[in-house]
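Residues per chain are reported as follows:
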Amino acid sequence: MNVTNLDSVTFGVTDLDACRRFWTDFGLVESQEDGATVFSCRNGSSVVLRSAEDPALPPPIEPGATQREATFGVRSPADVTAIARELERDRPVRIDAEGTLHTIDPLGFGIAFRVARRSLVTAPELKFNTPGRPDRINTRGQFFTSATPLEMTHTVFMIDTPELVVPFYTERLGFIASDSYPGRGYFLRGGASNHHHNLFLLNVGKKRGFHHLAFELSSIHELFGGGLNMTRRGWRTALGPGRHPISSCYFWYFHSPCGGAAEYDFDSDLVDERWKPGVFEQTPEVFAEWCLAEGMADSLLYKGVQTAGTIKSKS
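In this report, we go over the structure that sits alongside the text.

Parameters at a glance
Residues numbered from 1 in each chain as written. Predicted model: local features only at pLDDT ≥ 70, side-chain atom pairs only at ≥ 80, totals over all residues. Heavy atoms only, no water. Core = buried A, V, L, I, M, F, W, Y, C linked by side-chain atoms within 4.5 Å. Buried < 20%, exposed > 50% of the residue type's maximum accessible area, 1.4 Å probe, protein only. Helix = DSSP H or I, 4+ residues; strand = E, 2+ residues; numbered from the N terminus. Contact = heavy atoms within 4.5 Å. Pairing = 2+ DSSP bridges. Axes fitted to C-alpha atoms, helices over the stretch in contact; angles between N-to-C directions. Polar contact = N/O pair within 3.5 Å; in protein donor to acceptor, adjacent residues only side chain to side chain. Arc of directions from axis to C-beta.

**Remarks on the nonpolar core**
Of all hydrophobic cores here, the largest spans 54 residues; its most connected members are Phe-11, Trp-23, Val-47, Tyr-169, Leu-201 and Leu-213. Looking at which element gives the most residues to this core, the answer is strand E1 (residues 3–13), with five residues. Ignoring anything within four residues of it in the chain, the contact list for Leu-201 reads Phe-157, Ile-159, Val-165, Val-166, Tyr-169, Arg-184, Gly-185, Tyr-186 and Leu-188.

Next comes the structure, spelled out in structure tokens:
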């Protein structure tokens, strides 16, 4: 199955005004579409806001405001048809008037597939000075007072039965495990995606729910500028700024009124068929290589991923 990217995420919200303010401050562009409020990245990937009481939404996986559906992009209508044929064997599948396939995964998460609507976006070139390699002479480095996310890259589900849901994505939908903590966490990318992961399945024990949604920025400078802007505007840090050992990216997470958190990323790994998946064993890895604030460190959301671990590559 040629899944290329995370194309859109729909939230059922309880405070639309707060959610609109959050995504505006976060740097997305607001529009209206089919009775929903839509916030878009520069490449067209989007956050869709609907009332939590909207009967058209998939059933919630948890109470309150939360993600109700993750829509993944595919290469062609033929991919949508192939996914429909595979999934309708054991679950209800609906294809709407626009050609988007809607269904529910084995744990109850709403998922959808459509021909990708994203467009190609290129980050502006920034120059850096390093010893022996001067690149920016007589020019100040760029300064950011806010962020404008280039693209939405991944969503995270908290799960409790990986043996049930991981094969659903890898064996039936063609997702690939870029890295994993066996039994505890799986970084999955679409079969035609170069992102390190479009979906992370995180086993935190007896809980199912939405964890966070991530967005890629153009530079470390923009990440700090965006994070400081969110802080100035009163949004509370969930975790960061810091850097992940897995996926390599710099990050800054903020608690979202839509539920869970929203993450700024920069310099995430891009991979292809030559990538060697890492398998983390025995003890959980250090979730953050370094981190200046840990608002989630003692919460259920990050329980079990805070201590040092080991990694090996598959041969």
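That was the structure; now back to the text.
**Remarks on the sheet that holds strand E4 (residues 46–51)**
Taking strand neighbours across the sheet as the criterion, the eight strands line up as E2-E3-E4-E1-E5-E8-E7-E6 in an open arrangement whose pairing is mixed. The sheet is open, and its two borders are formed by strand E2 (29–33) and strand E6 (94–95), each paired with just one other strand. Where strand E7 (residues 101–104) meets strand E8 (residues 110–115), four bridges bridge the pair, whose relative direction is antiparallel. Bridging across to E8, Leu-101 finds its partner in Phe-113. Lying on the sheet, helix H2 (residues 77–87) is in contact with strand E5 (66–74), E6, E7 and E8; it crosses E8 at an angle near 145 degrees.

**Some remarks on the environment of Leu-57**
When you line up the elements, Leu-57 lands in the loop between E4 and E5. You can call Leu-57 buried: its relative accessible area is 11%. Between the C-alpha atoms of Leu-57 and Gly-12, which are 45 residues apart in sequence, the distance is 7.5 Å. With sequence-adjacent residues up to four places away left out, Leu-57 is seen in contact with Thr-10, Gly-12, Arg-50, Ser-51 and Arg-68.

**Some details on the side chain of His-196**
Structurally, His-196 is set in the loop between strand E11 (185–189) and strand E12 (199–203). The class for His-196 is buried, based on a relative accessible area of 3%. A distance of 2.5 Å separates a polar atom in the side chain of His-196 from a polar atom in the side chain of Asp-179. With residues up to four places along the chain from it excluded, the contact list for His-196 reads Ser-178, Asp-179, Phe-187, Arg-189, Ile-246, Ser-247, Asp-269, Val-271 and Trp-275.

**Comments concerning H2**
The α-helix winds at 3.6 residues per turn, so residues separated by three or four positions along the chain end up facing the same way. Looking at H2, one finds that the buried residues are Asp-79, Val-80, Ile-83, Ala-84, Glu-86 and Leu-87. Taken around the axis of H2, the buried residues stretch over an arc of 165 degrees, which confines them to a single face. Those residues of H2 that are exposed and angled more than 90 degrees off the buried face are Pro-77, Ala-78 and Arg-85.

**Quick look at unusual backbone geometry**
A cis amide bond, omega 0 degrees, links Gly-240 with the succeeding residue Pro-241. Here Pro-241 lies in strand E14 (residues 237–243). Phi is positive for Asp-34, which is not a glycine, with a value near 55 degrees. Mapped onto the elements, Asp-34 comes out in the loop between E2 and strand E3 (36–40). In this structure Asp-34 comes out as exposed when scored by relative accessible area, which is 56%. For Ser-247, which is not glycine, the phi torsion reads 80 degrees and is therefore positive. Inspection of the secondary structure assignment puts Ser-247 in the loop between E14 and strand E15 (250–255).

Fair warning: the whole summary comes from geometry, so function is off the table for now.
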